[in-house]
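Single-letter residue listing:
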Amino acid sequence: MTDIIQLLPDHVANQIAAGEVVQRPASVVKELLENAIDAKSTSIKLVVKDAGKTLIQVIDDGIGMSTTDARLSFERHATSKIKSADDLFNLHTKGFRGEALASIAAIAHVELKTKTKDSEIGTKITIEGSEVTEQEPEVVAKGTTISVKNLFYNIPARRNFLKSNNVETRHIIDEFHRVALAHPQVEFNMLHNGSNVFNLPSSNERQRIVNIFGNKMNEKLVPVSEETEILKIEGFVIKPEYAKKSRGEQFFFVNNRFIKSSYLHHAVSAAFEGLLKDGAYAGYFLFLEVDTKSIDINIHPTKTEIKFDDEHAIYAMLRATIKHSLGQFSIAPVLDFEKDTGFDTPYEYSKKSPVAPTIDVDRNFNPFQGERKQKNITFPFKREKKSSASWESLYAGLKSETAVLGQDDSIEFESEEVSGSLFENDQEENLRVTFQLQNKYIISPIKSGMLVIHQHLAHQRIIYEELLKNITVQEAVSQQLLFPLQLSFSNPDLVFLEDLKEQLEHTGFVFSEIKDGTVEISGIPVSITESQVETVLTQLVKDIKEEVPDAGFSQNDLLAKSMAKNMAVKTGTPLKQEAQLHLVHQLFACKEPSVSPSNRPVLVTLDANDFDKKFM
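Before going into details, it helps to say that this report is about the structure given with it. (Residues numbered from 1 in each chain as written. Predicted model: local features only at pLDDT ≥ 70, side-chain atom pairs only at ≥ 80, totals over all residues. Heavy atoms only, no water.)

## Comments concerning the overall build of the protein
Link 1 in the chain: Within the protein one finds 17 helices and 22 strands.
Link 2 in the chain: Evaluated residue by residue, the protein yields a buried proportion of 40% over its 616 residues.
Link 3 in the chain: Of the roughly 36,800 Å² of accessible surface on the protein, 51% is carried by carbon and sulfur atoms. (Helix = DSSP H or I, 4+ residues; strand = E, 2+ residues; numbered from the N terminus. Buried < 20%, exposed > 50% of the residue type's maximum accessible area, 1.4 Å probe, protein only. Areas by Shrake-Rupley, 256 points an atom, 1.4 Å probe, with all protein chains shown as cover.)

The structure is reproduced here in structure tokens:
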């Protein structure tokens, strides 16, 4: 029997290893950025073209490499990070396996330019599919520049499985965020297709978060800080009122290395218990420092999984630290024993709908007969009567005339008490008047002042609740089109529309046919026009791809949010008086009239006392 077991060639072994290390362009970005960090760089620049499929370039000003090190760095299991197995439990660098550059060079065209501080001239190496095609000295700046071109050029199956440019770019940005957040002292720049995406100067941790996620993030952050013998915690959590329906802003770092841990995430969620709305997720940027000997990060090539020696202690300390911070900065509610419970709604009435008060009227009452019995008429509140001149002066000189007419002298006239404000409806009429400000806000007077309502966000809330009701409870009415609409979509987009077909039909859409990149629609919801259909569906597919919900209600919720945002009346649209009133009445018929589907405030109450203070 002949021998059948043989050693694989190096280029084949590298391609197999690349399947674990390099899953998509974002994996290359992660490995190259981490190498630049390990090289003690103070400034790192990332250049990306076509979502990394054409070019990924990382330029740093680190310590650089000698000619020998530059050549050896592309060999498998060649690394400067560790020298023995014991070093695995004392890691202070990002990489240590020695697989990244070898795997990348096996599936792309790689060009490396590097120079150390003491060298007069640098080195240039060109590699295609693990084979070195060029190595020569070259004049370059201190540091390293590595360019990865035509990723997966020799593995067409893997290249075909890549997602769209938007999706791959989003993954690259996610990896960029993780490295940049872990190292705020390093300057980062990112360019995509020639446009500057990020320009992050060296700063502290809070400023780095604000530079990445926008200035509004600064007011959302709550500092977290604690130090014990086994764990040091620093970072920030996001205030509960700014919690989102997605898991976007959730970052764990252990010894400046980004990790994913459902166990630690549960500790954060437990600290926020009772503070978040249903379906909302806590946001956090937490940096943990532990003894390197107490953790194991050599679990997966991506190094995003980690094992702790004492997970229970870390869980308890993390949960307690966040709870302490929320209480310290008055985020969590406190018990108020001096509160007057007389203003609270009784429990048995909390679920009852309000009813109009009853008014009993004595139909036999005659104000012209003797003394009136005012007690037969009851009002829900008392009115204070204003003093005025005597009523007799109003009827001076009328007695002789009444005698001529044959009237009795005992006639009594209506008194001041009854001639009061039984029919004063001027104030109620004023409350029904609304005004539109800058074709953006609706001003509605109330007894205590006025309401300022954002018309676009208010209409979003109205449509959102109506769509959710149609999707989950009852189908909406559809208007049939005389001539069916034919819209073109890419094949990946058609897959999303196929998955959403049932929910869309509940909202009022009627699909005649979906195939070959074309969607034929014969019916649309009554709340949108024919010209809006393509915009609504295109934006819906985009939102679904970006959020990628699991299933069930989360998908229905996202669908309703996306459609409501596109169907709502736009800012700048003038509304007639009737339309304004109708919008206000519909808003207050909603279950959550105060916030939009995206948790933005819909209305603001301005008290009359606030206006009085302005004129003091």
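## A look at the packing of aromatic side chains
Link 1 in the chain: Here the structure, examined in full by the defined rule, presents 12 aromatic pairs.
Link 2 in the chain: Judged by centre distance (5.8 Å) and plane angle (85 degrees), the rings of Phe176 and Phe188 are edge-to-face. Placement of Phe176 in helix α6 (residues 165-182) and of Phe188 in strand β7 (residues 187-192) is noted, with a sequence separation of 12 residues between them. There is no split in this pair, since Phe176 and Phe188 are both buried.
Link 3 in the chain: Grouped by ring-pair contacts, the aromatic residues Phe213, Phe251, Phe253, Phe258, Phe285 and Phe287 constitute a single cluster. (Phe/Tyr/Trp six-rings, centres within 6.5 Å; stacked < 30°, edge-to-face > 60°.)

## Structural notes on empty space enclosed by the protein
Link 1 in the chain: What the rule picks out here adds up to one cavity of 30 Å³ or more.
Link 2 in the chain: Considering only enclosed or pocket space, the largest cavity measures out at about 60 Å³ in volume.
Link 3 in the chain: Lining the largest cavity we find 12 residues, and of these Lys244, Glu249, Tyr281, Ala282 and Gly283 sit closest to its centre.
Link 4 in the chain: Partitioning the lining of the largest cavity into residue classes produces five nonpolar, four polar and three charged. (1 Å grid on protein atoms, 1.4 Å probe; cavity = no way out; pocket = protein on both sides within 12 Å on 5 of 7 lines; lining within 4 Å. Points joined across faces, edges and corners; volume = space filled by probe spheres on them. Nonpolar A, V, L, I, M, F, W, Y, C, P; charged D, E, K, R; others polar.)

## Examining the sheet that holds strand β21 (residues 518-525)
Link 1 in the chain: As summarised here, the arrangement of the three strands in space is β19-β21-β20, forming an open sheet in which the pairing is antiparallel. Edge positions in the sheet fall to β19 (478-488) and β20 (510-515), since each has one partner strand and no second. Averaged over all pairs of adjacent strands, the angle between strand axes in this sheet comes to 15 degrees, irrespective of strand direction.
Link 2 in the chain: Pairing of β20 with β21 involves five bridges; the strand directions are antiparallel. Among the inter-strand pairings, Val510 is bridged to a residue of β21, identified as Gly523. (Pairing = 2+ DSSP bridges. Axes fitted to C-alpha atoms, helices over the stretch in contact; angles between N-to-C directions.)

## Things to note about the nonpolar core
Link 1 in the chain: In this structure, Leu32, Leu46, Val148, Phe176, Phe188 and Phe285 are the most contacted members of the largest nonpolar core, which totals 53 residues.
Link 2 in the chain: Ranked by the residues each element gives to this core, the list is headed by helix α2 (residues 25-38), at seven residues.
Link 3 in the chain: Every residue in contact with Phe176, bar those within four places of it in the chain, is listed here: Leu33, Leu46, Phe188, Asn189, Met190, Phe198 and Leu200.
Link 4 in the chain: Core analysis: the second largest hydrophobic core is formed by 31 residues, Leu468, Leu485, Phe489 and Ala564 among them. (Core = buried A, V, L, I, M, F, W, Y, C linked by side-chain atoms within 4.5 Å. Contact = heavy atoms within 4.5 Å.)

## A short note on the sheet that holds strand β5 (residues 131-138)
Link 1 in the chain: The eight strands lie next to each other as β5-β4-β3-β6-β2-β1-β7-β8, forming an open sheet whose pairing is mixed. The open sheet has two free edges, formed respectively by β5 and β8 (195-200), since each of these has just one partner strand. On average, each strand axis in the sheet is inclined to that of its neighbour by 10 degrees, with strand direction left out of account.
Link 2 in the chain: Pairing of strand β4 (residues 122-128) with β5 involves seven bridges; the strand directions are antiparallel.

## Some details on a negative patch on the surface
Link 1 in the chain: A cluster of like negative charges, contributed by Glu226, Glu227, Glu234 and Glu289, occupies part of the molecular surface.
Link 2 in the chain: Note that Glu234 resides in strand β10 (residues 232-238). (Patch = residues over 30% accessible without salt bridge, like charges linked within 9 Å, V, L, I, M, F, W, Y side chains within 5 Å. Salt bridge = Lys/Arg side-chain N within 4 Å of Asp/Glu carboxyl O. Lys, Arg positive; Asp, Glu negative; His and termini not counted. Charge placed at Lys NZ, Arg CZ, Asp CG, Glu CD.)

## Here we look at helix α12 (residues 455-472)
Side chains of residues three or four places apart in an α-helix project in the same direction, reflecting 3.6 residues per turn.
Link 1 in the chain: Its 18 residues give α12 an end-to-end C-alpha distance of 26 Å, which sits within 8% of 26 Å, the value for a rise of 1.5 Å per residue.
Link 2 in the chain: With 15 of its 18 residues buried, α12 lies for the most part within the structure. (Expected span 1.5 Å × (residues − 1).)

## Regarding the pairing of strand β6 (residues 143-149)
Link 1 in the chain: For β6, a buried count of five out of seven residues is recorded, marking the element as mostly surrounded by other parts of the structure.
Link 2 in the chain: Bridge analysis of strand β2 (residues 55-60) against β6 gives six bridges, and the strand direction is antiparallel. If you follow Val58 over to β6, its bridge partner there is Ile146.
Link 3 in the chain: Bridge count between strand β3 (residues 109-115) and β6: seven bridges; the pairing is antiparallel. The residue of β6 that forms the bridge with Val110 is Val148.

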